[in-house]
Amino acid sequence: MTQGRFITFEGGEGAGKSTQVARLVDRLQARGVDVTRTREPGGSTGAEEIRNIALNGDAGRWSPLTETLLMFAARSDHLEKTIRPALDEGRWVVCDRFADSSRAYQGAGGGAPADFIESLDVAIVAHTQPDLTLIFDLPVEVGLERAFGRGLFETRFESKGLEFHRRLRERFLEIAKENSDRCVVIDATGDEETVAARVWAAVEGRLL
Ligand SMILES: Nc1ncnc2c1ncn2[C@@H]1O[C@H](COP(=O)(O)OP(=O)(O)O)[C@@H](O)[C@H]1O
Ligand SMILES: [Mg+2]
């Protein structure tokens, strides 16, 4: 059986990732592709438990190093229990956030050293690197406004300051530049239909 394809969605708060993950999954399924939709942190029973302690509570609850380890602990379980089994069955996996979020949030945002994060990536993600990463790019203020509009904060990260979110945006764009074989920057401005068309063009161009 041929391996499935692994697609990750990355970017800041309110960029429209979760909205577009749902649309892409529908569109792939309509084409007859077997798709597993998942998210991080979480995506397996154990990882969802870690998600609860990692994302809830006070904004400064975890040191950057501890937070990085929590994210990679969750990622390890997610890879073992959900992502690799699905890919081995030939299913496509569409994941709402993945390792680039650790590079941006825990690294650029929190100050965890980049080489620490990369060594965990080598050990935990190893060869299960995404085939395609869509980096949703949007002015920070617009994204946070959308996230506010969604209602209550989904995570403790949304309550961090503008400067924090600007560092994330910059880091995501840098990741895209450094990994142009894997990453496509998606202009996340415009309405849902417009963004969905950009997402589909990237998926079609790279994977279909
Ligand atoms: N293109 C868009 N234009 C305006 N609002 C949007 C768009 N895409 C999503 N939204 C809305 O913005 C909010 C955040 O979207 P969401 O998909 O949850 O973002 P993310 O998962 O990146 O944080 C939601 O209320 C969603 O309905
Ligand atoms: Mg989301």
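Nothing here was measured: the structure is a model prediction, and the numbers come from that model. (Residues numbered from 1 in each chain as written. Chains lettered and ligands numbered in written order. Predicted model: local features only at pLDDT ≥ 70, side-chain atom pairs only at ≥ 80, totals over all residues. Heavy atoms only, no water.)

S.K.: Help me understand the packing of aromatic side chains in this model?
M.R.: Applying the stated rule across the entire model yields six aromatic pairs. Summarising the aromatic geometry, the rings of Tyr105 and Phe157 are spaced 5.0 Å apart at their centres and angled 70 degrees between planes, so their arrangement reads as edge-to-face. With a gap of 52 residues between them, Tyr105 in helix H4 (residues 99-109) and Phe157 in the loop between helix H6 (140-149) and helix H7 (162-178) connect regions that are remote in the sequence. Its relative accessible area of 4% is what places Tyr105 among the buried residues. For Phe157, a relative accessible area of 5% translates into the label buried. Plain terms: the ring middles of Tyr105 and Phe164 are 6.1 Å apart, the flat faces sit at 70 degrees to each other, and that makes the pair edge-to-face. Of this pair, Tyr105 sits in helix H4 while Phe164 is found in helix H7, placing the two residues 59 residues apart along the sequence. Accessibility assignment for this pair places Tyr105 and Phe164 in one class, buried. Three or more aromatic residues joined by ring pairs make a cluster, and in this case those are Tyr105, Phe157, Phe164 and Phe172. (Phe/Tyr/Trp six-rings, centres within 6.5 Å; stacked < 30°, edge-to-face > 60°. Helix = DSSP H or I, 4+ residues; strand = E, 2+ residues; numbered from the N terminus. Buried < 20%, exposed > 50% of the residue type's maximum accessible area, 1.4 Å probe, protein only.)

S.K.: Is there a simple way to explain helix H5 (residues 114-125) in this structure?
M.R.: Two residues of an α-helix separated by three or four positions point the same way, owing to the 3.6 residues in each turn. Here H5 spans 15 Å end to end across twelve residues, near enough to the 16 Å set by a 1.5 Å rise per residue. Structurally, H5 contributes buried residues whose contacts are with helix H3 (64-88) and H4. Residue Ala126 follows H5 closely and has a positive phi angle near 50 degrees. (Expected span 1.5 Å × (residues − 1). Contact = heavy atoms within 4.5 Å.)

S.K.: Is there a simple way to explain the pairing of strand E4 (residues 132-137) in this structure?
M.R.: For a regular strand, side chains alternate in direction, first toward one face of the sheet and then toward the other. Counting buried residues along E4, six of its six residues qualify, which places the element largely inside the surrounding structure. Here five bridges tie strand E1 (residues 6-11) to E4, and the two strands are oriented parallel to one another. What sits directly across from Gly11, in E4, is Phe136. Taken together, the five bridges between E4 and strand E5 (residues 183-187) define a ladder with parallel strand orientation. Bridge pairing links Leu134 to Val184 in E5. (Pairing = 2+ DSSP bridges.)

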